[in-house]
Amino acid sequence: MKRSRIPETRPLALSILCLGLPALAGPASAGAQQALATYEPAAAQAFEFDLSIRSIMRGPEIVGQAPTGVAWSDDSEWIYFSWKPAGAAWHESRDLYRVSTDGGEPELVPEARADSIRGVLTGGAVSADRRLRVTSWGGDLFLVDRRSGEVRRLLRTSASESRPRFGAGDDRVLFRSGNNGFALDLATGAVTQLTDIRSGPEPGDDPEAEGQRAFLEEQQRELFEHVRVDELRQEERDSTEARRDRRALQPVYLDRDERVQGLVSSPGGDWVTVEASLPASDARGTMVPDWVTGSGYTEELNVRSKVGDEQSSSRLGLIDVATGQATWLDLLPADYREGLGETDDPDYADITIHGWNDAGTHALITAVSFDYKTRWIYTLEAATAELTLLEAWFDEAWVGGPCFNGCAGWIPGTDRAFYSSEATGFAHLYAAEADGSNPAVLTEGEWEVHRVAIPESRDHFLVHASPESPFEWNAYRMEFDGSGWEAVTVGAGQSNATPSPDGDRMAVIHSRANRPAELFVGEYDDGASLEQLTVSPSAEWLTFPWVQPGIVRFDAEDGASVPARIYRPSDMGVEPNGAAVIFVHGAGYLHNVHNWWSSYYREYMFHHFLAAQGYTVLDVDYRGSAGYGRDWRTGIYRWMGGKDLSDQVDGARYLVADEGIDPNRIGIYGGSYGGFITLMALFTADDTFRSGAALRSVTDWAHYNHWYTSRILNLPQDDEEAYRQSSPIYFAENLRPDQHLLILHGMVDTNVHYSDVVRLAQRLIELGKENWEMALYPVEGHGFAEPSSWTDEYRRIYKLFRETIGPDAIR
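Throughout, a residue's number is its position along its own chain's written sequence, starting from 1. Only residues with pLDDT of at least 70 are given local features in this predicted model, and only at 80 or more are side-chain atom pairs given and counted; all residues enter the totals for whole chains, interfaces and linings. Each side-chain value is worked out from all heavy atoms of the structure, with water and hydrogens disregarded.

S.K.: Quick question: what am I supposed to make of the packing of aromatic side chains here?
M.R.: Each aromatic pair joins two rings of Phe, Tyr and Trp (for Trp, the six-membered one) with centres within 6.5 Å, and gets the label stacked for planes under 30 degrees apart, edge-to-face for over 60, and tilted for any other angle. This structure, assessed with the given rule, holds 44 aromatic pairs. Feature note: the residues F583, Y600, F606, F609, Y615, Y669, Y777, F784, W790, Y794, Y798 and F801 constitute an aromatic cluster, connected by ring pairs. Put simply, a charge is over a ring when the Lys NZ or the Arg CZ is close to the ring centre, within 6 Å, and near the line of the ring normal, within 35 degrees. The cationic tip of R98 hangs over the ring face of W78; the distance from NZ or CZ to the ring centre is 3.5 Å. The aromatic ring of W328 is capped on one face by R315, whose charged end is 3.7 Å from the ring centroid.

S.K.: Help me understand the pairing of strand β20 (residues 313–320) in this model?
M.R.: The side chains of a regular strand alternate, residue by residue, between the two faces of the sheet. In this scheme, a residue with accessible area under 20% of its type's maximum is buried, one over 50% is exposed, and one in between is partly exposed, where area comes from a 1.4 Å probe on protein chains only. Helix and strand definitions follow DSSP, with helices as H or I runs of at least four residues and strands as E runs of at least two, each counted in order from the N terminus. Most of β20 sits out of view: six of its eight residues are buried. At least two DSSP bridges between two strands are needed for those strands to be called paired. Relative to β20, strand β17 (residues 271–278) runs antiparallel, the two sharing eight bridges. Each bridged residue has a counterpart across the sheet, and for V274 the counterpart in β20 is G317. In this sheet, strand β21 (residues 325–328) lies alongside β20 in antiparallel orientation, the contact comprising four bridges.

S.K.: Help me understand unusual backbone geometry, please; the structure alone is not making it clear to me.
M.R.: Leaving glycine aside, a negative phi is the common case for residues, and trans is the common case for peptide bonds. Look at the link from G200 to P201: it is a cis peptide, with omega at 0 degrees. For P201, the location among the structural elements is in the loop between β14 (197–198) and α6 (211–223). Phi at A587 is positive, roughly 75 degrees, even though this residue is not glycine. Residue position: A587 is located in the loop between β41 (580–584) and α10 (601–612). Not every positive phi belongs to a glycine, and S672 is a case in point at roughly 65 degrees. The topology assignment puts S672 in the loop between β43 (666–671) and α13 (673–684).

S.K.: Sorry if this is basic, but what is going on with the packing of α10 against helix α17 (residues 787–804) here?
M.R.: Axis angle and axis distance: for two packed helices, these are the angle between their axes and the distance between the axes, and together they describe the pair. Look at α10 against α17: their axes get within 12 Å of each other, and the N-to-C directions meet at 35 degrees. As α10 packs across α17, the resulting crossing turns out to be right-handed. Residues R602, E603, F606, F609 and L610 of α10 form the contact with α17, whose own contacting residues are W790, Y794, I797 and Y798. All amino acids are sorted into three groups, where Ala, Val, Leu, Ile, Met, Phe, Trp, Tyr, Cys and Pro are nonpolar, Asp, Glu, Lys and Arg are charged, and the leftover types, Gly among them, are polar. Split by residue class, the contact of α10 with α17 holds seven nonpolar, no polar and two charged. The axes used here are C-alpha line fits, helices contributing only the stretch in contact, and every angle between their N-to-C directions lies in the interval 0 to 180 degrees. The hand of a helix crossing depends on one turn: near helix anticlockwise from the far one by less than a right angle means left-handed, and clockwise means right-handed. Whether two residues are in contact is decided by their heavy atoms, any of which lying within 4.5 Å being enough.

S.K.: Quick question: what am I supposed to make of the layout of surface pockets here?
M.R.: Of the two site types, the cavity is a set of points on a 1 Å grid over the protein atoms alone where a 1.4 Å probe fits but cannot get out, and the pocket is an open set with protein on both sides within 12 Å along at least five of seven lines, each lined by residues with an atom within 4 Å of a point. Grid points are joined across faces, edges and corners, and a volume is the space filled by probe spheres set on the points. Size it by volume and the second largest pocket reaches roughly 580 Å³. Elements supplying a minimum of two residues to the lining of the second largest pocket: α4 (60–63), β2 (65–72), β35 (494–499), β36 (505–512), β37 (515–523) and α10. Broken down by element, the residue count for the lining of the second largest pocket peaks at five residues, all from β2. Residues of the lining of the second largest pocket, tallied by class, amount to 11 nonpolar, 13 polar and two charged.

S.K.: Before we go on, may I ask you to explain the pattern of salt bridges in this structure?
M.R.: Pairing is possible between side chains that carry opposite charge, provided their charged atoms lie close to one another. Should a side-chain nitrogen of Lys or Arg be within 4 Å of a carboxyl oxygen of Asp or Glu, the pair is scored as a salt bridge. Applying the stated criterion to the full structure yields 41 salt bridges. Between R133 and D74 there is a salt bridge, with the nearest N and O atoms lying 2.7 Å from each other. Residue R133 is located in strand β7 (residues 132–137), and its partner D74 is located in the loop between β2 and β3 (78–84); the two are separated by 59 residues in the primary sequence. Note on accessibility: R133 and D74 belong to one class, buried. Connected via shared salt-bridge partners are D74, R130, R133, R146 and E456.

S.K.: Hey, could you run me through the sheet that holds strand β16 (residues 259–265) in this one?
M.R.: Paired through their backbone hydrogen bonds, the strands of a sheet run either parallel or antiparallel. With antiparallel pairing, the four strands of this open sheet are ordered in space as β16-β17-β20-β21. Looking along the sheet, the strands with just one partner apiece sit at the ends: β16 and β21. Averaged over all neighbouring strand pairs, the angle between strand axes comes to 25 degrees, with direction disregarded. Bridge analysis of β16 against β17 gives six bridges, and the strand direction is antiparallel. Its bridge partner lying in β17, L263 is registered against V274.

S.K.: What is the right way to read the environment of R259 from this model?
M.R.: Along the chain, the position of R259 falls in strand β16. Given the relative accessible area of 53%, R259 is considered exposed. With 134 residues separating them along the chain, R259 and W393 place their C-alpha atoms 29 Å apart. If sequence neighbours within four positions are ignored, R259 has contacts with L254, E275, A276, S277 and P279.

S.K.: Any chance you could explain the sheet that holds strand β38 (residues 531–532) here in plain terms?
M.R.: Pairing within the open sheet is antiparallel, and its four strands lie in the order β35-β36-β37-β38. At either margin of the open sheet sits one strand with a lone partner, and together these are β35 and β38. Across six bridges, β35 lies against β36 in antiparallel orientation. If you follow S495 over to β36, its bridge partner there is H510.

S.K.: Just checking my understanding: could you explain the nonpolar core for this structure?
M.R.: It is characteristic of soluble globular proteins that their nonpolar side chains tend to be buried jointly. I582, L618, Y673, F689, W701 and L741 are the most contacted members of the largest nonpolar core, which has 67 residues in total. For this core, the element with the most residues is α13, which contributes eight residues. What L618 contacts, discounting residues up to four positions off in sequence, is V552, F554, A564, R565, I566, V581, I582, F583, G651, Y654 and L655. Of all hydrophobic cores here, the second largest spans 44 residues; its members include V535, Y601, A611 and L800. Buried Ala, Val, Leu, Ile, Met, Phe, Trp, Tyr and Cys residues that are joined via side-chain atoms within 4.5 Å together make up what is termed a nonpolar core.

S.K.: How do you make sense of the confidence of the model for the protein when you look at a structure like this?
M.R.: A low pLDDT means the predicted coordinates there should not be read in detail. Confidence of the prediction at every residue is given by pLDDT, a number between 0 and 100. Averaged over all residues, the pLDDT of the protein equals 90, while 91% of them reach at least 70. Contacts of residues 1–45 to residues separated by more than four positions or lying in other chains number 88 contacts, the stretch itself having pLDDT below 50.

S.K.: I would appreciate a short explanation of a negative patch on the surface in the present structure.
M.R.: Like-charged residues within 9 Å of one another, or nonpolar side chains (Val, Leu, Ile, Met, Phe, Trp, Tyr) within 5 Å, are grouped into patches, provided each residue has over 30% relative accessible area and no salt bridge. Calculation of accessible area relied on Shrake-Rupley with a 1.4 Å probe; when residues are assessed, cover is drawn exclusively from the protein chains displayed. Counting rule applied: Lys, Arg positive; Asp, Glu negative; His and chain ends not counted. Taken as the charge location is NZ of Lys, CZ of Arg, CG of Asp or CD of Glu. Taken together, the side chains of D75, E77, D102, D502, D504, D525 and E531 make up a negatively charged region of the molecular surface. Relative to the elements of secondary structure, E531 occurs in strand β38.

S.K.: Got a minute to help me understand the pairing of strand β27 (residues 416–421) in this structure?
M.R.: Across the six residues that make up β27, a large majority, six, are buried. Neither face of β27 is exposed, since R416, F418 and S420 on one face and A417, Y419 and S421 on the opposite face are all buried. In the sheet, strand β26 (residues 408–410) pairs with β27 via three bridges, with the strands oriented antiparallel. Bridge pairing links G409 to F418 in β27. Where β26 folds back on β27, the antiparallel hairpin that results is connected by five residues, among which G413 adopts a positive phi of roughly 75 degrees. The antiparallel hairpin formed by β27 and strand β28 (residues 428–433) contains six residues in its connecting segment, where G425 sits at a positive phi of about 105 degrees.

S.K.: So what exactly am I meant to see when it comes to helix α16 (residues 754–766) here?
M.R.: Residue pairs spaced three or four apart in an α-helix point in one direction, given the helix's 3.6 residues per turn. The end-to-end C-alpha distance of α16 is 19 Å, a good match for the 18 Å that 13 residues give at a rise of 1.5 Å each. Among the residues of α16, those classed as buried are Y754, D756, V757, L760, A761 and L764. The arc enclosing the buried residues of α16, seen along the axis, measures out at 150 degrees, which places them on a common side. Across from the buried face of α16, at angles greater than 90 degrees, the exposed residues are I765 and E766. Positive backbone phi, at 75 degrees, marks G768, one or two positions downstream of α16. The span one expects for a helix is its residue count, reduced by one, times 1.5 Å. It is the directions from the helix axis to the C-beta atoms whose arc is reported.

Written out as structure tokens, the structure is:
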């Protein structure tokens, strides 16, 4: 098979002229980047783009909002996608567009049609013969004839129908409505209810009154005929209800307050797997004030609880549709349960139903232990309700990684399941028969699988992975037995491919480090080059010579090789000023050192601005970042602010040794996790950093959410040491008089609450610290939205660095 290649130097003129825009320079090739290295700021008047903080922080107004949500029309003639090219206001959402697979100008779909097209013409499940498609839109079901394009409404009810798919034989549509599963006969339109799951408790299961309440009830019966008659009538109603239930489905009663979380019917509609969830009853939420409101009053938002508080619990059941009998399954292996000792059954952190094999004999299930250290993947045999363990994956830190629970399912037409695991230290694909026999490794090596899908042809895997380098992401075909590995896209950057229904073409969302993601189209199997269909940034933005940052590696104190992006003043044609800034990406588990467009695109532009002022900028994929396997991912276990911080310190040493940076003129900044690291850097890394800007930062991990924090630090009530050594608030006294701290935070942040920095501020006040400032943003949440806020924030950050580490810094 030939390979579709993203052209190194793309002749954009034709595509841009089709859009009615002037011909502009395309994505920089290696040769083009070399030419851009001679750019002189004195020649800036030759470019239209104003490299200023205000200009940069226009964000989507100048770079646009990249194409997303790619979907093909059933005839493979049109590609639908959501997109907002540059020029729109920052607060506008993406619109629906379509473009011919033959190329040409993307067409804006009228707003009046956009929702129905999204719901009816581009979504849903396909029948086995690929002639029909069923979808849910607006709570109703629709059937699409993919040959004629005819759309037929199957149901129109006040209830909300969802998750439709074809049953065995394609003569029925299985769907969910409310808490139950249903089947619709396509020939007659008859609807059959498959389950009758009801809120609990089951009648008669109410606990009998005791003590004083029992006395009062008996007294009422003794004194009042009305009460005695009412009880007799209730008994008659219960008897009538019981007779009706014998004629209908056998009801399945949940526990009090329990809810149906997931419900998946087997293809034949004979069995239904149900995940029931019981919300935490005593968990305490946090009140976040919304200060600037339309009402003129401060309004309170009741948001998440804190780590270690009570969590919801889940259980998994199998319902026999013929009898209505529910079997609740024990997902803990015997050896694991024996190790628990004399305790109550623990809850699961997560249960996922990955669906049924085509024959409808087995379901695929994963369960994660409450402490996130073990994941079990099972097949469930419907006829016997027996579980077969395919893999028990234990990690002394926590289980996770790319493809963690998303890459699992059944190989079409077989009883063979596939799933992902980090068992070797890197995320790879595995397969086994439903009975656990014939296990196989499908991919292997010191690289990661990020995503896997089975195209409509159902005859191979489409895998997105990074086998060539952690800095590139491409699409690959692979046979179901792991053979026939073949690159579908090649070249630098990130490519996400979506094959057409007929399998001849593919739509590709591709980006480079210095160009936002765009939509391309090309042949899926004959290797034709990909044609660019969209141009998202403004002509103004494209006139600027945005660089592709160099990627370097430096040695960490423990011998690890740490990757980083670097922005040098020479990239902008200026002399270094001897100062450097280290940027710390957020999220912890996020990949930011690579050759594709970063989600931190404002920061990417800001780093150009800094480099143009003579600052060297380093952007580190520190320990805990994505893209480098299990050991890198879990390097922060029980100590956030440990290796992830020492990697920043070692980056500073690299800048001094290899880039000629003055060790007394290094600053650091970042948001969210990056803000946390900035605080830890100033509080615990001695005199490595002269100044730092901490944006929307966690100051005390005991106040963050459960699902993220408990994986890494365990529970605060069980592992106080981990929380103490990981939380900046405990080290605030170490802020040195010659250091400078700037704290910036949105006051309506429902992720890292504003109260986090309020508590730190009080701590700094009580410690008598003078060399810190705080900037607050009354209308912003965790991810800033308004350009005015972004501009104010980054003006303050630049002012901090200019005054503390710049050429004329006051020190």
